[in-house]
Amino acid sequence: MSTPTVSSAQLDELRFRLDGDLHAPGDPAYEDACTLFNAMVQTRPRLVARCATPDEVVAAVAFARDAALPLAVRAGGHSVTGRSLCEDGLVLDVRPMDAVEVDAGRRVARVGGGATWAHVDRAAHRHGLATTGGRVSTTGVVGLTAGGGSGWLERAHGLACDNLLAVELVTAEGELVRADEHTNPELLWALRGGGAGFGVVTAVELRLHPLPAEVLAGLAIYPGDRAREAMRLFRDTMRDAPEGLGLAFDLTTAPDDDPDVPDALRGRPVAIIVGMYAGSVADGERALAPIRASRPAADLFGPTSYPDFQCSIDDPPGHRNWWTAEQTLDLPDDAIDALCDWAQGLPPGPSQLFVVPWGGAVARATERTSPLVGRDSAFVVHPLLMWDDPADDDATIAFGHAFRDAIGPWATGSAYLNFVSDVGRARVRAAYSPSAMERLAAIKAAWDPEGAFPGSHRLA
Ligand SMILES: Cc1cc2nc3c(=O)[nH]c(=O)nc-3n(C[C@H](O)[C@H](O)[C@H](O)COP(=O)(O)OP(=O)(O)OC[C@H]3O[C@@H](n4cnc5c(N)ncnc54)[C@H](O)[C@@H]3O)c2cc1C
């Protein structure tokens, strides 16, 4: 395929429209935009356009179209599959659009298309409000929400996409449009879990919910030889838990330099129950009592603010990453045994087996409001493999595939795509019902007929 050539007049025009913020290989802003969370992604676009306004997005989209360059949109940079960059094309780095305005009366946040959850959490907290966001503060709001958006508050308030009220986006035609319940409702529906590939989102509006200034949050750490016991305790606690309880279970290696980790556990395999209660600290004490009574090696639950807790487990970027996930309707003891056996092969370091309990408000949303299936799952079981040496790629990824065999007997077959690297056609189909898939493909064809926006995954 021939490489499109771009005239210097076209470049000058775009540079002018971006107020100079156009970057080529070697520029610090280019290199920064091309460094994603997953170090395996080494894609080299031709240019990076940093867009601070919808007008700048319109100019960059028009430039890519006229120059026949591939296009990608980069925000928080946490796409494990690397779909926020494109080889030899134009990348729109939308991070400068990170403003958050909170209308406390209406309990709505208007959020720029390049904001991360850290921006939203802090702004909403000032008004005693919050909404479901990712479990680390550095993920982008739009990417996470368009993929569904699983977080600590989901059982109380639904996934992030269930709180998406409106979207403003620049289409492939270069038009700025709004989608809400009354205007372009199909487009809004698609962006509530159908991925981010319908245009460049310049702003979203999110529903907010009251949350006390202090909540009970933190983690309990168990030595690796108590993993089965801790996972059963987690499962049993979640079975009857109030919807405010948002926990996760984690099998990983304890950091060797964290003063909160008991000396004997540093650098050793551990089981962790982590999370928070979305309500008063007193109610949180009651909900977390079984965990705290189980004599963990370290009980690090305590009163804190939601934004502080949200950034307390921000994962380190720069490792090689391969992720997958399966959903289950329960975790019977033999499933727990199979998972603990498989997890013994986890590479030491930040790799982990992370288990998220659904239920509550997640299960109440239907295909009428969001295309995602698998809402009835009780658990999302999610290995995150992280390593550093490229020589370990094949063995580590093969180990990741073996997880799907280990959990196979209990897996529903649904896919939650925000948590998976192996986004082949079959996995995308597993995230939606056949009718939702058809509807998404029709919406994609209507708004992006030439497939200008790669989005988080391929829909057609
Ligand atoms: C450390 C880590 C923790 C995570 N935690 C969670 C979690 O708790 N819950 C969860 O559900 N998911 C989680 N994820 C997955 C994450 O939600 C998705 O990878 C999400 O797409 C990341 O968005 P981003 O903006 O950070 O990444 P990017 O790589 O910048 O973008 C991801 C995708 O969204 C598109 N996109 C981003 N912004 C826009 C925009 N404004 N307009 C159009 N397209 C856009 C990009 O083009 C790309 O396709 C996590 C990922 C990582 C690496």
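Below you will find a few notes about this structure. This one's a predicted model, so the numbers in the text were calculated from it and none came from an experiment.

Conventions used here
Residues numbered from 1 in each chain as written. Predicted model: local features only at pLDDT ≥ 70, side-chain atom pairs only at ≥ 80, totals over all residues. Buried ≥ 20, exposed ≤ 12 C-beta atoms within 10 Å, placed from the backbone. Helix = DSSP H or I, 4+ residues; strand = E, 2+ residues; numbered from the N terminus. Contact = placed C-beta atoms within 7 Å. Near = placed C-beta within 6 Å. Domains from an automatic or database assignment. Pairing = 2+ DSSP bridges. Axes fitted to C-alpha atoms, helices over the stretch in contact; angles between N-to-C directions. Core = buried A, V, L, I, M, F, W, Y, C linked by C-beta atoms within 7 Å.

### Focus: helix α4 (residues 117-125)
Consideration 1: With 7 of its 9 residues buried, α4 lies for the most part within the structure.
Consideration 2: Of the positions making up α4, those classed as buried are Trp 117, Ala 118, His 119, Val 120, Asp 121, Ala 123 and Ala 124.
Consideration 3: Residues of α4 that are buried in the fold lie against β5 (100-103), β6 (108-112), β7 (129-130), α5 (141-146) and α10 (306-310).

### What about the site of the ligand?
Consideration 1: Close to the ligand lie 35 residues; Gly 76, Ser 79, Ser 84, Gly 140 and Gly 143 are nearest.
Consideration 2: A domain split of the shell around the ligand shows at least three residues from each of domain 1 (8-93) and domain 2 (100-210).

### Observations concerning the sheet that holds strand β1 (residues 22-23)
Consideration 1: Taken together, 4 strands build an open sheet; the order of strands is β1-β2-β4-β3 and the sheet is mixed. Each end of this open sheet is capped by a strand with a single partner; those strands are β1 and β3 (71-74).
Consideration 2: Here helix α3 (residues 54-67) sits on the sheet in contact with β2 (47-50), β3 and β4 (90-93), set at roughly 170 degrees to β4.

### What about the sheet that holds strand β9 (residues 176-179)?
Consideration 1: If you walk across this open sheet you meet the 5 strands as β5-β6-β10-β8-β9, and the pairing is antiparallel. Since the sheet does not close on itself, it has two edges, and those belong to β5 and β9, each with one partner. The average undirected angle you get between the axes of adjacent strands in this sheet is 15 degrees.
Consideration 2: When strand β8 (residues 164-170) meets β9, the two strands line up antiparallel, connected through 4 bridges. Bridge assignment links Glu 168 to a residue of β9, and that residue is Arg 178.
Consideration 3: Strands in contact with α4 are β5 and β6; relative to β5, the strand with the most contacts, it is inclined by about 35 degrees.

### What to know about the nonpolar core
Consideration 1: Counting 147 residues, the largest nonpolar core has Ala 49, Ala 60, Leu 71, Leu 90, Leu 92 and Ile 273 as the members making the most contacts within it.
Consideration 2: The residues touching Leu 92, leaving out its near neighbours within four places in the chain, are Ala 49, Cys 51, Val 57, Ala 60, Leu 71, Val 73, Arg 74 and Val 200.

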